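# Notes for the structure review
Each chain, written out:
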Amino acid sequence: MMERNTKIFIQELKPIAFCGKIIGYEGKASGYELPFEIEPTEGDHNFNNCERCKENLNEITKRLKERFKGNHNIKPFPFCCTHHENLLKFKEFNRASFANVPGMVARKLIYTNQHIINNYSVDNWYKVITDYIEWTIESFGQMPTDCGEPIFLGEYFYHIQTFINKNNDISIEKRSQILEFLESYLKPKTEQVTDLNILITTYEKWFNIFPFELNSYFGDLKQYFEKNIPILNGKPEVNPYTGLAKAKVHTKSSLIEALINLTNDILTKINGVTLYEKGLITDSSKIRLELLINNRKLKIKEGYTNNSTREEQQYGKILKEWFNDEKEFIDEITPLLKPSLQLQMNNRLSNPKSFEELFYNSQHAEPCLDILRELEPPVIDAINSYIGKNKGVIPLWLKVLKNNKPNPIIRHCSDVIYKDLLNQKIKGLNLSRDASEFRKQYTRLKNDNTELDIKSILSQFSQSGKLGK
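What this report covers is the structure whose coordinates are included nearby. These numbers were taken from a predicted model, which means no experiment stands behind them.

### Structural notes on the overall build of the chain
Counting its secondary structure elements, the chain contains 18 helices and four strands. The C-alpha radius of gyration of the chain comes to 35 Å, more than 25% above the 23 Å expected for a compact globule of 469 residues. Along the first, second and third principal axes, the C-alpha set of the chain runs to 105 × 75 × 45 Å. Considering the chain as a whole, with its 469 residues, one finds that 37% of them fall into the buried category. Considering only contacts in the chain between residues 6 or more positions apart, those separated by 24 or more positions represent 64%. Accessible area of the chain: about 29,200 Å², with a carbon and sulfur share of 52%.

### Here's the deal with the nonpolar core
By size, the foremost hydrophobic cluster in this structure holds 44 residues, and its most contacted members are F77, F98, I133, Y156 and I160. Examining the composition of this core, we find that seven residues originate from one element, helix α3 (residues 101-119), more than from any other. With near-sequence residues (within four places) excluded, F98 lies in contact with Y32, L34, P35, F68, F77, F93, M143 and I151. Residues L369, L401, I409 and I457 belong to the second largest nonpolar core, which totals 37 residues.

### As for unusual backbone geometry
Cis peptide bonds are those with omega within 30 degrees of zero, and the linkage from F77 to P78 qualifies with 10°. Residue D146 is not a glycine yet carries a positive backbone phi of 70°. Here D146 is to be found in the loop between α4 (125-138) and α5 (153-166). D146 sits in the exposed class, given a relative accessible area of 53%. For N430, which is not glycine, the phi torsion reads 50° and is therefore positive. Of note, N430 is situated in the loop between α16 (415-425) and α17 (443-447).

### Comments concerning helix α6 (residues 172-186)
The terminal C-alpha atoms of α6, which comprises 15 residues, lie 21 Å apart, in line with the 21 Å expected from a rise of 1.5 Å per residue. Among the residues of α6, K174, R175, I178, L179, F181 and L182 are the ones counted as buried. Along α6, the residues classed as buried sweep out an arc of 150° about the axis, all on the same side. The exposed residues of α6 that point more than 90 degrees off its buried face are I172, E173 and E180.

### What to know about the packing of aromatic side chains
All told, the structure shown has 27 aromatic pairs when counted by the stated rule. Considering the side-chain rings of W125 and Y126, the 5.6 Å spacing of their centres and the 90° angle between planes classify their relative orientation as edge-to-face. Residue classification places W125 among the buried positions, given a relative accessible area of 11%. Taking relative accessible area as the criterion, Y126 reaches 33% and is therefore assigned partly exposed. One aromatic cluster in this structure is built from Y203, W206, F207, F210, F212, Y217, F218, Y224 and F225. For K108, the ring lying beneath its charged end belongs to F140, and the centroid distance is 4.7 Å.

### Notes on the packing of α5 against α6
Two numbers describe a pair of packed helices, the interaxial angle and the distance between the axes. Close contact between α5 and α6 brings their axes to 10 Å; oriented N to C, the two are set at 170°. One finds that α5 runs roughly antiparallel with respect to α6. Between α5 and α6 the crossing geometry is left-handed. Seen from α5, the contacting residues are F157, I160, Q161, I164 and N165; seen from α6, they are R175, I178, L179, L182, E183, Y185 and L186. Residues belonging to the contact of α5 with α6 are distributed by class as follows: eight nonpolar, two polar and two charged.

### Re the state of the cysteines
One pass over the full model with this rule turns up zero disulfides. The thiol sulfur of C50 is not disulfide-bonded, and the nearest other cysteine sulfur, from C53, lies at 3.6 Å. On the basis of relative accessibility, which here comes to 18%, the residue C50 falls in the buried class. A disulfide-free cysteine, C147 has its sulfur positioned 9.4 Å from the sulfur of C81, the nearest such atom.

What counts and what doesn't
Residues numbered from 1 in each chain as written. Predicted model: local features only at pLDDT ≥ 70, side-chain atom pairs only at ≥ 80, totals over all residues. Heavy atoms only, no water. Helix = DSSP H or I, 4+ residues; strand = E, 2+ residues; numbered from the N terminus. Rg over C-alpha atoms; globule rule 2.2 N^0.38 Å. Buried < 20%, exposed > 50% of the residue type's maximum accessible area, 1.4 Å probe, protein only. Contact = heavy atoms within 4.5 Å. Areas by Shrake-Rupley, 256 points an atom, 1.4 Å probe, with all protein chains shown as cover. Core = buried A, V, L, I, M, F, W, Y, C linked by side-chain atoms within 4.5 Å. Expected span 1.5 Å × (residues − 1). Arc of directions from axis to C-beta. Phe/Tyr/Trp six-rings, centres within 6.5 Å; stacked < 30°, edge-to-face > 60°. Lys NZ or Arg CZ within 6 Å of the ring centre and 35° of its normal. Axes fitted to C-alpha atoms, helices over the stretch in contact; angles between N-to-C directions. Parallel < 35°, antiparallel > 145°, perpendicular 65-115°, else oblique. Left-handed = near helix turned anticlockwise from the far one by under 90°. Nonpolar A, V, L, I, M, F, W, Y, C, P; charged D, E, K, R; others polar. Disulfide = S-S within 2.5 Å.

What follows is the structure, given as C-alpha cells:
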C-alpha cells in the first residue's frame, strides 16, 4: 500500500461540553487527497488469463485517457467542468499528479469485477465484496469543497454496475444487494445528521436525572457512565482492506431509545431483590432513607408546573403541591433519622480505645496496615515499625479508608485520637503532640500520586477477598 498524503481544510470548529467540561471539538472540514493504487485480490478468476478482461482493460484505459486529455466534445481535465476547474484555486493542485489516473481507474474496475466473481459464493460474500468496493472508492482520493467528485469516480460506478448486471452467474438477489450498495453512494444523503453537541446534551440530561447517588444500589456506576458516553450506534466493524473500524453515530432519536433500553437494563439487574439475594442488604433503614431522598430529588429535578388559566391559581397550586410533597417527605424520613442520630451520639460518646477499634470491622485492621507495607517505598515493616520517609502518607491513608465507597472502613475521629492510637500501633512513628501532620499540605505526595496508589492497593485487597466480601 502506498503512503497516503491528505490535506485537511478546517472550515468550522466548535467545542463539545459535558457536565460543564470541554471534552472535545467538532468541526466541518474538507480534504484533498490524490488517487492511489490498490492491489487485486486472489481467486480462481485471474484477469491476466482472461481475454475479455484484458480487452476491457485496454478499451477503458484508452477511453479514459482521451477524456483526460480532452477531445472535440470534452475539455481536458480540470477544465472539463466548472467544479473541477475550481481546483486551480488551490496551490496543492498539480495536473501532472493525475496523469496516471486513467490507467489506474481502468485497473480498479477490472480488480473489482474479479473480486466480485471470486467471492459472490463465499459465506460472508456481502461484507467481503462491499468492503473491497469501499476500499476502492476511498482510493479515488478526495476533492476539496466545490471541486466536484474524485476524477472518474462516476465512470467506476457506471462500469461496475454494467459488469454486475451482465453477470448472470450471480443470483438476482445478490446482484440487487450489491447494486443497492453502489446506489447508496450515488444518492443524496437523506439520513438524519446529528450535531454531537445535541447528542452530548441528550446524554447529559439522562446522566443528571439517573439516581447514581443511590450508593447502596449503584455504587461507582456514576464514574463509569461519566467516562463512557454512547455516541456510536452499534459495535464498530473492521474493513480488512482499509484497516479501519467504522460504526454509525447515533441520531438524537436512536440515542434516546438506547438510553431507555439502558435504563431498563440497569434497573432490572440492580434492585432490592438482587441485592437481598446476594446478601448485600445489611441496613434496610439506610437504604430506605436513600430511596426517599433520591425520589424527592428526582421530583425536584422535574420541577413544578400547572396548566390553570388564571396566573394566581398556577402559582398557588404549584406552592400547594410543593408543600404537600415536603410534608410527606419529612414525615417519611423522620422515623429513619432518629436511629441514625442516636447512632451518631453513641459514636461520639464511645471513642475507640485501641487501633483495632478504629475500624467498623476489627478484622480489617491488619489488611489495612498491609497497604502501608505494599506502598513503594513502604511505610512500615513486618513488625509495624515506621520505615517511611514522609509522615504525610498517614493522613492520606486514613482519608482513603474514611471515604471508601460504598461504606467507610474506618471511623471518623479527631486527629488527636488518630495520632494517639497510631503512635501506639506503629513503633517509631512519633506523630506530633498536636497532630499537625493531619493539617499540612504534602505537595510531593500529591505529585507522586500516592493517594491513587493507596486506592489501587485497597481495591486489589477488596477484589481478592482480603477485606471480606
